[in-house]
Amino acid sequence: MKYQMLISALIAALATSAQAAEFKADPALVAAASKEGAVTIYTANQLESEQQLAKRFNTRFPDVKIEIVRAPGSRLIARVDAEAASGKLAADIIEFSDSGLAKSYEKLLADYAPANAGKYPAEIRAISAKMWPKTAWGYVLAYNKALVKNPPKSWADLSKPDFDEKLGWIPAGAGGTSWTLAMFQRKVLGESEWKNLATKQPVMHPSDSPLLAAVIRGEVRVVPLKTNSIIPAMKDGAPIGIVYPADGVPMTVSVAGISATAPHPNAARLYLDWILSEEGQETWVNNSGGMTVLAGGSLPEGAEKAGLKLWFPSIKEYAELRNGWVNEWNTVFNYRQ
Amino acid sequence: MSVAASRIEASAAARGRAISFRPLPWLWPLFLLLILGVLVIYPVARLVLGSLTDVNPMTAREALPPLTLEHYLDLAVNPTVRAATVNSLLACSFGALLSVVTGLLFAWIVVRTNTPMKGLIRSAGLMPLFIPPLVAGFAWSLLGSPETGLINVVLQAMGLPWKVNFYSLTGITVVFGVYYAPYVFMFTASALENMDPSLEEASEVSGSSVFQTMMRITIPLMAPAILSGGLLAFVIMLGVYGTPAILGTPANEPFLTTYLFSLLSWTPPLYNKAAAVSMLLVAVTALGIWLQQRALRGRSFVTVAGKSFRPKLIDLGRWRYFTLAFGLLYLFFVVVLPFAALLIVAFRKYMFVPDIGSLFDARQYSLGHFEALFANPLTMRSIWNSLIVGGAAAIFGGALAFAIAYTVQRTSVRLRTPIDYIATVPVAIPGLVIGVAYLWAWVGLPGGLYGTTAILAIAFIARFLPDTMKALSTSLIQIHRELEEASWICGLGLLTTIRKVVVPLTLPGLISGMTLLFVLSIRELGSSLFLYTSDSIIMSVLLLDFWEGGSIGVSAAFSVFQSALLFLIIGSVSWLTRRKR
């Protein structure tokens, strides 16, 4: 709990919208990266979010083409396993949204630390010396504005009869983010929260992106989603609204490192240097609606006013409880066992 | 003498005259067996071994790890496996039943009635073959989702209280039924074409109505062909992943294929359990194939009598417009409506249709999804890879199928029977299972095949070997042995005879077999799901990625593009072959 409060306090205290310092790259690294010409990123983050980041990166470094290989967290890990086993790992950068599993992939990564390493919380740095919090996000609620006239204000509001069979959800075992949400529900909202939710018969979707599509289409009325899924869609005119639940925002820190067999190691380094810099993190927050654990980083649109209660899982519990609790979750929701 | 007896004699005589394979009498069949061993036996053996052990294929290096039945025992007690098996059997059985009704009706309309525009109806009956199951599932999710499906929007606008829900077992069954009807259609149409009409004439002369004749004479005579087509449709449905993945997931209805996929998508992936589920799928499929083969054996007694008949056309009178309407309605529901939905979604900015008026609001439409599709560097790569993989599978798979079909049918070399048998084994292995088997077989070999476009082509060749051989065998059978014998007498060797006589004569069959392989490879999803990497990604997998990533508009744009590409390829090949003739 001490750990969670520490990070929350850090972010809350330093949340300002001051102008981000411009990223200054090492010219030799830029030249080497430009010569390599490309960087391949394996990520479980939403494709559109990553494409936006790539676009911004390319306004600064147009000679480094970015290729994004996106899959739901668990599938991405299976893919990394298979490619590594056959000696065909094509990734330059690998991003893990499941920080509990990340540690066991350390051996695939090269040594790396950004110049501003000290500005990241020591607790996050403890995940692995080779992996850095490239992006962070919080789970909030999204609703279809045309179909929901009284949106929920908290997670607890979802138990109202208005939302029977109207919710979309994501299985706890689908990836790091959904596991964080399941853990938050049980630890913060109460032991019976899963059962309450299961009685609502939420429609399960394999990952965030189909959930977003489902709430936009009106297939479901309310869904839990990352801020960086909701805000860009809202800006683009999608008929959805965002709610920062009053009873807490479960946070996921997604860490990334450079593959030890990266075909483009310099380009990978340049990209990580940029995204981990103040400029990169501000781009992530202001452009893509994400969140950051960088000291002094800002919060996404609309979040300041809401008096956010950010909830970070303990990294120890995150790994230790995972298998047992996910199995229990599967039983409660009658999901795959 | 009965027809059957005369067939047996003819077959014995033909075998007596079969060309003895003088050069390399042992090496050639051993070479074919070696290829089949690599393509079929080794991956399947690895899969079986995987289901009986606890080893991880990614890291396993032990030659023979300890064996266990744990994964099979788990299948027996696991409620999700039970639900998935029941769902698969129910949807595929009723789907096959619907396919039989639809396919048979089509065959009857096209072959035996004087319905106008029969060419169009025949094409309509075959068109679903070229629509990938993923695209069909996707299109019907847009049309028939319970909350916002376009059909429901239209029903609501018309003030009707009805609602359709394709996110259900019934929805999947209906989609299966109509999209796999062509298999029944093909079987029953050829049976109807070859059927002796004298029995029907006798029935009509005795005063039976058209309907009575159909029920009492035609259908019982065709029972083996109907059963065979229906069972084939059943086993194909059983192996389909795309449709139940899209329509079954939101309803939390597991199928054997989707469950298998989820086992390998979990963290950590459950490889051994997946191998056991694969064996379950193989067992059910093999049972279906066995029944189908038995039914097919009976077919020759009634339909192939050694001479061809011109089937008598039934004058339907005014009812012929009713049968025409049925054909057009089918075309509308299977092709026009889904593609209209795909086009709407591909060009629509956001797939939220609050009312019918919004469908006609021009401001809602743009080329944005196509721009996003082609802005992604993986798109062009996947198109290129699909064409390469499809081309390689067609050329090498066509050559292999020809070599096997020729050896089995036209030579008397030893080991013909095991070669024939092994080459037919993939019929009983669903695509997804081939993918899992290849993953087991090749992933652990560093620097090997895994992750290349070659492994995808090899998996497709193995998967579709029986289909290609079947297409080729038909044309090989049609060439009289006298032509080859004449070539031998003129002193030409075996290879020259094949090159100068057999290949030119079977060329139309060879081209259509290769085209079939090319098309099947391009639309294949199941066997590639576990074999691709970012460098070797193909169109069907990328489409699934887009859909799973929630990019509905981009998925629709890609579906439209893929269908247009397939249409263009099939159209060009058939135009070229027609010109050549």
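Residues numbered from 1 in each chain as written. Chains lettered and ligands numbered in written order. Predicted model: local features only at pLDDT ≥ 70, side-chain atom pairs only at ≥ 80, totals over all residues. Heavy atoms only, no water.

*Asks:* It is not clear to me how the packing of aromatic side chains should be interpreted in this structure. Could you clarify?
*Replies:* Given two aromatic rings, one states the distance between the centres and the angle between the planes to describe the pair. The tally for this structure, following the rule as stated, stands at 29 aromatic pairs over all chains. Between Phe57 of chain A and Tyr271 of chain A, the ring centres sit 5.0 Å apart and the planes meet at 70°, which makes this aromatic pair edge-to-face. Here Phe57 of chain A is found in helix 3 (residues 47-60), whereas its partner Tyr271 of chain A is found in helix 11 (residues 265-276), with 214 residues between them in sequence. Tyr271 of chain A gets classed as buried once you look at its relative accessible area, which sits at 0%. Centroid distance Trp319 of chain B to Phe322 of chain B: 5.4 Å. Interplanar angle 85°. Geometry classified as edge-to-face. Here Trp319 of chain B pairs with Phe322 of chain B, and both are found in helix 15 (residues 319-347), just three residues apart, close to one helical turn. Given the relative accessible area of 54%, Phe322 of chain B is considered exposed. Feature note: the residues Phe23, Phe57, Phe61, Tyr271 and Trp274 of chain A constitute an aromatic cluster, connected by ring pairs. The positively charged end of Arg186 of chain A is found above the aromatic ring belonging to Trp194 of chain A, 5.0 Å away from the centroid. Cation over ring: Arg186 of chain A sits above Trp325 of chain A, and NZ or CZ is 3.9 Å from the ring centre. (Phe/Tyr/Trp six-rings, centres within 6.5 Å; stacked < 30°, edge-to-face > 60°. Helix = DSSP H or I, 4+ residues; strand = E, 2+ residues; numbered from the N terminus. Buried < 20%, exposed > 50% of the residue type's maximum accessible area, 1.4 Å probe, protein only. Lys NZ or Arg CZ within 6 Å of the ring centre and 35° of its normal.)

*Asks:* I'm lost on the packing of helix 6 (residues 133-144) of chain B against helix 15 of chain B in this one. Help?
*Replies:* Relative orientation and spacing of two packed helices are given, respectively, by the angle between their axes and the distance between those axes. All names here are of chain B. The interhelical angle for the contact between helix 6 and helix 15, taken along N-to-C directions, is 75°, at an axis separation of 9 Å. For the element pair helix 6 / helix 15, the angle class is roughly perpendicular. Seen from helix 6, the contacting residues are Val135, Phe138, Ala139, Trp140, Leu142 and Leu143; seen from helix 15, they are Phe333, Leu337, Pro338, Ala341, Leu342 and Val345. Across the contact of helix 6 with helix 15, the residue classes break down as twelve nonpolar, no polar and no charged. (Axes fitted to C-alpha atoms, helices over the stretch in contact; angles between N-to-C directions. Parallel < 35°, antiparallel > 145°, perpendicular 65-115°, else oblique. Contact = heavy atoms within 4.5 Å. Nonpolar A, V, L, I, M, F, W, Y, C, P; charged D, E, K, R; others polar.)

*Asks:* I would appreciate a short explanation of the domain arrangement of chain A in the present structure.
*Replies:* Frequently, the measure chosen for interface size is the accessible area removed from exposure when the parts meet. All names here are of chain A. What the domain assignment reports for chain A is domain 1 (17-135 + 254-296) and domain 2 (137-250 + 305-332). The C-alpha-based centres of domain 1 and domain 2 are spaced at 26 Å. Every contact between the two is made by 26 residues of domain 1 and, on the other side, 23 residues of domain 2. Counting the surface domain 1 buries against domain 2, the share from its top three residues, Gln46, Asp98 and Met291, is 31%. On the surface where domain 1 and domain 2 come into contact, there are one salt bridge. The salt bridge partner of Arg322 is Asp98, with a shortest N-O separation of 2.8 Å. Connecting domain 1 to domain 2 are six residue pairs in polar contact (both at pLDDT 80 or more). Contributions of two or more residues to the side of domain 1 that touches domain 2 are made by helix 3, helix 4 (73-85), helix 5 (99-102) and helix 12 (278-286). Residue composition of the side of domain 1 that touches domain 2, grouped by class: six nonpolar, 16 polar and four charged. (Domains from an automatic or database assignment. Buried area = accessible area lost by both parts, 1.4 Å probe. Salt bridge = Lys/Arg side-chain N within 4 Å of Asp/Glu carboxyl O. Polar contact = N/O pair within 3.5 Å; in protein donor to acceptor, adjacent residues only side chain to side chain.)

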